[in-house]
Amino acid sequence: MKLQTFNLRNPYSGFFLGTIQLMAKTDPDTTAERLRRYIARRMKKGVTVHPVLNA
C-alpha cells in the first residue's frame, strides 16, 4: 500500500476542484480511473482525476 495523491478537475472548464489522498495497492493510473468512475457514480457528474507523482 502506498499513499497516492490526485488532483480533481472539472472536465469542461478545467477548474480545480481539490486534491484527494488515499492508500492504494494499484499503480496511480489504475487508481485514478477507479476514482474517476466512483466519483462519477456518486456525484452523477464527470470529473477528471490526475495522479500527482510524488518523487
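Everything here concerns the structure above.
The present account deals with the structure reproduced in this document. (Residues numbered from 1 in each chain as written. Predicted model: local features only at pLDDT ≥ 70, side-chain atom pairs only at ≥ 80, totals over all residues. Heavy atoms only, no water.)

With respect to the helices and strands, Gln4 occurs in strand β1 (residues 2–9). Here Thr26 takes part through its backbone oxygen, which lies 2.7 Å from a polar atom of the side chain of Gln4. The contact partners of Gln4, leaving out residues within four places of it in the chain, are Ile20, Gln21, Leu22, Ala24, Thr26, Asp27, Pro28 and Thr31. (Helix = DSSP H or I, 4+ residues; strand = E, 2+ residues; numbered from the N terminus. Polar contact = N/O pair within 3.5 Å; in protein donor to acceptor, adjacent residues only side chain to side chain. Contact = heavy atoms within 4.5 Å.)

What follows concerns the nonpolar core. One finds Phe6, Leu8, Ala32, Leu35, Ile39, Val47 and Val49 forming the largest nonpolar core, which totals 7 residues. Broken down by secondary-structure element, the contributors of at least two residues to this core are β1 and α1 (28–43). With 3 residues, α1 is the single largest residue contributor to this core. (Core = buried A, V, L, I, M, F, W, Y, C linked by side-chain atoms within 4.5 Å. Buried < 20%, exposed > 50% of the residue type's maximum accessible area, 1.4 Å probe, protein only.)

Before going further, it helps to spend a moment on the environment of Gln21. Structurally, the position occupied by Gln21 is in strand β2 (residues 16–24). Between the C-alpha atom of Gln21 and that of Gln4, which follows or precedes it by 17 residues, the distance is 5.6 Å. If near-sequence neighbours (up to four positions away) are discounted, Gln21 is found in contact with Leu3, Gln4 and Thr5. Engagement of the side chain of Gln21 in a polar contact is seen with the side chain of Thr5, the distance being 3.1 Å.

Don't take any of this as a statement about function, it's just geometry.
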